[in-house]
Each structure stands twice: as C-alpha cells, then as structure tokens.
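Topology and contacts: notes
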Amino acid sequence: MRWGLIGASNIAADHMIGALRAGGGTMHSVLSSSADRARDYAARHGVESACSDLDQMLDDPDLDAVYISTTNEKHFAQAMAAIKAGKHVLCEKPLAMSVSDAVTMVRAAEQAGLVFATNHHLRNAGSHLAIRDLVQSGRLGEVLSLRVFHAVYLPPHLQGWRVDNPAAGGGVIPDITVHDADTVRFHLGEDPVSVVAMATQSGLGKGVEDSVMSVWQMPSGTQVQAHESFTHRFAGSGVEIHGTKGSVIARNVMTQQPVGQIELRIEGGVEAIEFSDHNLYERAVGLFADAVAGKGRPAADGRDGICSLAIAMAVAEAARSGRRTDVDYGG
Ligand code: NDP
C-alpha cells in the first residue's frame, strides 16, 4: 500500500513510519504546512515526495491511503478531503474537535466504501488483549469496577501545543482520556452513560487542563474510575478490573511499548499472566491493511473513534460544569 503522511509529526517519525513499512507499505508522500519542513522530513525519513498542498497530495492516483497525524483541529478537514479523493484513512485520535464532526467523517467514509480507522494503539497491546481475554473468560466473575490510572509525565519534546493551545486540541482530556475511554470500552464491551469529573492545572497546563479524574456509570452498573495527567513523574500507569470471583491487576500497561506485568488474583492465589510482546502499532497497521484487502475490520474503526471522543467530551463538560453529564454519542 502506498501511504501519504498528512502531518510531519513526532508520532509518525517515532512509531508509525516504521509500523507502516513493517506492514509492507511504502512512504509515498508527506504533507506539512511548511514546504521546507515537508522536504526536510521527507529526506530524513525516506519519504518519496514532499508537499504543502493537500489537494495536490490527494490528487495522486498512486496514493492508496493516508495517515493523519496533524494537530487535532486539522483532522476533520483533512480526513474529509482524503475521503472525497477516495483514499482510505487511518486517523489519529481524537478524531475531531466535536462529536458531530467525527460522525460526519466516519459516515462519509462509510458512504464512500472506504476503510476508516482510529489509531488507538492500546487495544493492540498483547497486555490488553490478555486482559480482555480474562474478562471474557468469566474468571473474574461479574465485573464490579475498573480503575485506570494513566497519570504520566509528558516528555519535554511533546510539551508544545498539548499544554498551551486549546485551539489545536491541547489538554490531557483530548490527549489521554480518549485512549483510556477506548481501552475501557475494549475491556468491558459497553459504553458509559454518564460521567462526573474534576480537572486541574498541576504545573504544565496553561489555558488547558493537565490533570483530570473522572467516574463513569456503565449500563451494567459497573463503576469506572479514570485518572489522566501530564505531570506525574513517578506514578506509573495501570489498569485494575475487579470482579466477584477475581481481580486483574496490570501495571505499566498504559504505554506505547509492549511491556508491563499482569496478575490475576483469585481464591487460592495469584497467577502471573503471560502476554505477547508484539509491536502495538504494527498490529494496528496490519489489521488496517487486511481491512483494505476486504478481510476483517481495523482494530479500532471510526465508530470506536467517535465513542472515545464522545466520552472525553463528556468528561471535559462534566469538569467544566461541575455536573454529572450524559455522554452524547452523536446518534
Ligand atoms: P507533533 O507536535 O509532533 O506534530 C503535529 C504537527 O505539529 C505536525 O503536523 C507539524 O505540522 C507541527 N510540527 C511538528 N514539529 C514541528 C516543528 N518543529 N516546527 C513547527 N511545526 C511542527 O504532534 P504529535 O506527533 O505529538 O501528535 C500528532 C497527532 O497524533 C495528535 O492528534 C495526537 O493526539 C496524536 N498522537 C497519537 C498517539 C498514539 O499513540 N495514537 C501518540 C502521539 C500523538 P506540519 O505537518 O504542518 O509541519
């Protein structure tokens, strides 16, 4: 598959170009708002051509699919243009700045018969696949609650628009709560109905929240507690799922790397759970390529991206208003 990179970004350089190549893809073109940056990025990463005009990039019959990793406020217009040009789309999270825009782009891709995926990496991790298997196996019994802790320290090279630019989609809620929303949905197989939340600035955020805690009500009655932050240097991440027959305790699994530890606590003892250490992004790209070839569906599709955004938007609104907020999935 010949890929166009929309956005000369860190995530493409650090993870996705390698994953796209591992999936047999070629880096056909890269788009930046700056022609110089596009040329420089193309040269550094072995991309065949560089451009700064989206229509020109998309008006290329050799291009099969695009990977969108610009700042969040650009995703909607760029995805709509790519869909109009007949390209398959792998889009970064959050899909858009509003649920209605996300719904519009996902519906447009469906109507055009194109594959549209959301780059939620965590559900591709061997750790999370193993956790979900445990939940589905019934070994936990009835699930009572889930706690996700994803309070980390944002590396200095990423402390740009994320910490000071609300118009570009900055803030920890669009950045990390969306990932936790997707992960919770993946494990529990249901979508929260309403949320309460409090957000704050704890040292990095200027004009945007850098920390948030929220509690979600699931249709089954399972309670979910989530904590995301950019400012916690030593907390470590994890997820715990507690059921009537057992608890799964996973540490250091809310990460881009195939790492972490999982244990199952049940009557009679503690069991270490083994899991695959495959690359998260390569799995996502592989499933995307299969979907383009007519086999199966992406790991996280457009509907998954709408839901994770809707939950994050509800958390943001609950924190802003101080009220319990229903999640609006956009119909
Ligand atoms: P970056 O800040 O690296 O890139 C975003 C945009 O910023 C680029 O498209 C580029 O614009 C511009 N930019 C980057 N570096 C420079 C520079 N030195 N000077 C001027 N402009 C620059 O963003 P990230 O890679 O951190 O995130 C991009 C998207 O990917 C976001 O939507 C984010 O939420 C998502 N993301 C997803 C992850 C995942 O695991 N799924 C992980 C990390 C990010 P231009 O293209 O116009 O040059």
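Up top is the structure these notes are about.
A brief structural summary. Within each chain, residues carry numbers counting from 1 in the order of the written sequence. For a predicted model such as this one, the threshold for reporting local features is a pLDDT of at least 70, and the threshold for listing and counting side-chain atom pairs is 80 or more; totals across whole chains, interfaces and linings nevertheless cover every residue.

Across the sheet, which stays open at both edges, the nine strands sit in the order 14-13-12-11-7-10-9-8-15 with mixed pairing between neighbours. Both outer strands of the open sheet, strand 14 (269–272) and strand 15 (325–326), are each paired with one neighbouring strand and no more. DSSP calls a pair of strands paired once it identifies at least 2 bridges connecting them. By definition, any uninterrupted DSSP run of H or I lasting at least four residues is a helix, any uninterrupted run of E lasting at least two residues is a strand, and each is numbered from the N terminus. By the bridge criterion, seven bridges tie strand 7 (residues 143–151) to strand 10 (residues 223–229) in an arrangement that is parallel. Bridge pairing links Ala-151 to Ser-229 in strand 10. Think of it this way: build a C-beta for each residue from its backbone, and any pair within 7 Å is a contact. Axis definition: a line fitted to C-alpha atoms, limited for helices to the stretch in contact. Angles are taken between N-to-C directions and run from 0 to 180 degrees. Packed on one face of the sheet, helix 8 (residues 172–188) meets strand 7, strand 8 (194–200), strand 9 (211–217), strand 10 and strand 11 (238–243) and runs near 150° to strand 7. The strands touched by helix 10 (residues 302–321) within the sheet are strand 8, strand 9 and strand 15, with strand 8 carrying the most contacts at an inclination of about 65°.

Over its 13 residues, helix 1 (residues 10–22) runs 18 Å from end to end, which matches the ideal 18 Å to within 8%, given 1.5 Å per residue. The term bend refers to the angle at a residue between two fitted axes, each drawn through seven residues, those ending there and those starting there. Where helix 1 bends most, at Met-16, the angle is about 50°. Buried residues of helix 1: Ala-12, His-15, Met-16, Ile-17, Ala-19 and Leu-20, and no others. Looking at the buried side of helix 1, the elements it contacts are strand 1 (2–6), strand 2 (26–31), helix 2 (35–45), strand 4 (65–68) and helix 9 (280–292). Here, expected helix span is obtained from the residue count minus one, scaled by 1.5 Å. With C-beta atoms placed from the backbone, a residue counts as buried when 20 or more other C-beta atoms lie within 10 Å of its own, as exposed when 12 or fewer do, and as partly exposed for counts between those limits.

Judged by pairing direction, the sheet is parallel, and its six strands sit side by side in the order 3-2-1-4-5-6 without closing on themselves. Unpaired on one side and paired on the other, strand 3 (49–51) and strand 6 (116–118) mark the two borders of the sheet. On average, each strand axis in the sheet is inclined to that of its neighbour by 20°, with strand direction left out of account. As defined by bridge partners, strand 4 adjoins strand 5 (residues 88–91) across four bridges and the pair is classed as parallel. Its bridge partner being in strand 5, Ala-65 is matched across the sheet by His-88. Those strands touched by helix 1 are strand 1, strand 2 and strand 4, and its axis lies near 160° from that of strand 4.

Taken together, 21 residues sit near the ligand, with Gly-7, Ser-9, Asn-10, Ser-32 and Ser-33 positioned nearest. These domain boundaries are the output of an automatic or database domain assignment. Counting contributing residues per domain, the shell around the ligand is built from domain 1 (2–121) and domain 2 (123–282 + 309–326), each supplying no fewer than three. As a rule, any residue with its backbone-derived C-beta atom within 6 Å of a molecule or strand is reported as near that molecule or strand.

Here a nonpolar core is just a set of buried residues of the types Ala, Val, Leu, Ile, Met, Phe, Trp, Tyr and Cys, joined wherever their C-beta atoms sit within 7 Å. Judged by nonpolar contacts, the single largest core of 104 residues is most densely connected at Tyr-67, Val-89, Leu-309 and Val-315. Residue contributions to this core peak at 12 residues, all from helix 10. Counting contributing residues, this core receives three or more from each of domain 1 (2–121) and domain 2 (123–282 + 309–326). With sequence-adjacent residues up to four places away left out, Leu-309 is seen in contact with Pro-94, Leu-95, Ala-96, Val-99, Ala-102 and Val-178.

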